[in-house]
Amino acid sequence: MTNRRDRSLHAMRPILFSNHFTKHADGSVLACCGDTKVLCNTSISEGVPKFLRDQNKGWLTAEYSMLPRATHTRTDREASRGKQTGRTIEIQRLIGRSLRCAVDLHQLGEYTITIDCDVIQADGGTRTTAINGAMVSLTHALKHLQYAKKIKTDPIKYLITACSIGVIKDEVYLDLDYDEDSCADVDCNIVLTEHGDLVEIQGTAEGEPFQTQTLDKIVQLAKSSQTQILQAMRTCLDLPHPESK
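These lines cover the structure that appears in this document, whether it is placed above or below. (Residues numbered from 1 in each chain as written. Predicted model: local features only at pLDDT ≥ 70, side-chain atom pairs only at ≥ 80, totals over all residues. Heavy atoms only, no water.)

**Description of the overall build of the chain**
Alright, step 1. The helix and strand inventory of the chain stands at 6 helices and 9 strands.
Alright, step 2. Compactness check: the chain gives a C-alpha radius of gyration of 18 Å against a globular reference of 18 Å for 245 residues, within 12% of the reference.
Alright, step 3. Taking the principal axes of the C-alpha coordinates as reference, the chain spans close to 55 × 50 × 30 Å.
Alright, step 4. Residue burial in the chain is summarised as follows: out of 245 residues, 47% are buried.
Alright, step 5. Intrachain contacts of the chain at a sequence separation of at least 6 include 69% that bridge at least 24 residues.
Alright, step 6. When the accessible surface of the chain is summed, it comes to about 12600 Å², and 47% of that surface belongs to carbon and sulfur atoms.
Alright, step 7. Treating the 29 positive side-chain charges of the chain as one cloud and the 32 negative ones as another, the clouds have centres 6 Å apart. (Helix = DSSP H or I, 4+ residues; strand = E, 2+ residues; numbered from the N terminus. Rg over C-alpha atoms; globule rule 2.2 N^0.38 Å. Buried < 20%, exposed > 50% of the residue type's maximum accessible area, 1.4 Å probe, protein only. Contact = heavy atoms within 4.5 Å. Areas by Shrake-Rupley, 256 points an atom, 1.4 Å probe, with all protein chains shown as cover. Lys, Arg positive; Asp, Glu negative; His and termini not counted. Charge placed at Lys NZ, Arg CZ, Asp CG, Glu CD.)

**Examining the environment of Arg97**
Alright, step 1. Structurally, the position occupied by Arg97 is in helix H2 (residues 86-101).
Alright, step 2. Taking the relative accessible area as the measure of exposure, Arg97 reaches 36% and is therefore partly exposed.
Alright, step 3. As for Arg97 and Gln213, which are separated by 116 residues in sequence, their C-alpha atoms are 27 Å apart.
Alright, step 4. Not counting chain neighbours up to four residues away, the residues in contact with Arg97 comprise Glu200 and Gln202.

**Some points on the sheet that holds strand S8 (residues 186-193)**
Alright, step 1. In space, the 4 strands of this open sheet follow the order S7-S6-S8-S9, with antiparallel pairing throughout. Each edge of the open sheet carries a strand with a single partner, namely strand S7 (171-174) and strand S9 (198-205). Between one strand axis and the next, the sheet turns by 20 degrees as a mean value, whatever way the strands run.
Alright, step 2. The strands touched by helix H4 (residues 126-147) within the sheet are strand S6 (160-168), S8 and S9, with S6 carrying the most contacts at an inclination of about 165 degrees.
Alright, step 3. The strands touched by helix H6 (residues 212-237) are S6, S7, S8 and S9; relative to S6, the strand with the most contacts, the crossing angle is about 135 degrees. (Pairing = 2+ DSSP bridges. Axes fitted to C-alpha atoms, helices over the stretch in contact; angles between N-to-C directions.)

**So, empty space enclosed by the protein**
Alright, step 1. Summed over the entire model, instances satisfying the criterion amount to 1 cavity of 30 Å³ or more.
Alright, step 2. Taken as a whole, the largest cavity encloses approximately 70 Å³ of empty space.
Alright, step 3. Taken together, Met12, Ile15, Phe17, Cys33, Thr128, Thr129, Asn132, Ala162, Cys163, Ser164 and Asp175 form the lining of the largest cavity.
Alright, step 4. Sorting the residues of the lining of the largest cavity by element identifies strand S1 (15-19), H4 and S6 as the ones contributing at least two each.
Alright, step 5. When the residues that make up the lining of the largest cavity are grouped by side-chain class, the tally is 6 nonpolar, 4 polar and 1 charged. (1 Å grid on protein atoms, 1.4 Å probe; cavity = no way out; pocket = protein on both sides within 12 Å on 5 of 7 lines; lining within 4 Å. Points joined across faces, edges and corners; volume = space filled by probe spheres on them. Nonpolar A, V, L, I, M, F, W, Y, C, P; charged D, E, K, R; others polar.)

This is the structure we're talking about:
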């Protein structure tokens, strides 16, 4: 086992969302999960891509990047290489898919939402922290669109949450930091609706295959971890908590 720094195997690191982190974006949130920090900025513009024109339907896309000193050693900017890595493309597609699931694009109308997720400090779970921060940033941005009376109804169907889970020496770990992630035998990212329904499962056996019983444990642990994430989201968004209804 690795040293969890006084954290149990099924405990998450502290989660914090800081509102209005930058002043120009329609929604801006700094999402922190332990020492992982991701800046999530949401921009809303009129118009949609060509394939959606005249359908009275909006679009949502995401971009993801890691700043050069987000990690232990400096990593070159992808712009200097002339192209994005496969990892970056895969992560931003995951963020976009996950957030589109949470939004009724017909209720949005012909607007395009772009969510920029920039990792400023990485210590494991950057993609899941990005999804959680993007959900909060998106909600703020759509509130502003409603306040401006550009849309009549809230297009968000439900909140979504994401967490990382891994298996190390047959033990299931929640919310892996970098040291744990680098030695995990199984690496999973689980995205859920606030009702516990599955949005996406990314799961990989780094060495030997794992059994479906292990996947069941992973999904159940992801569901049980939602409470902490949703509480932090609702506090940031000034939404009522279920127990206060």
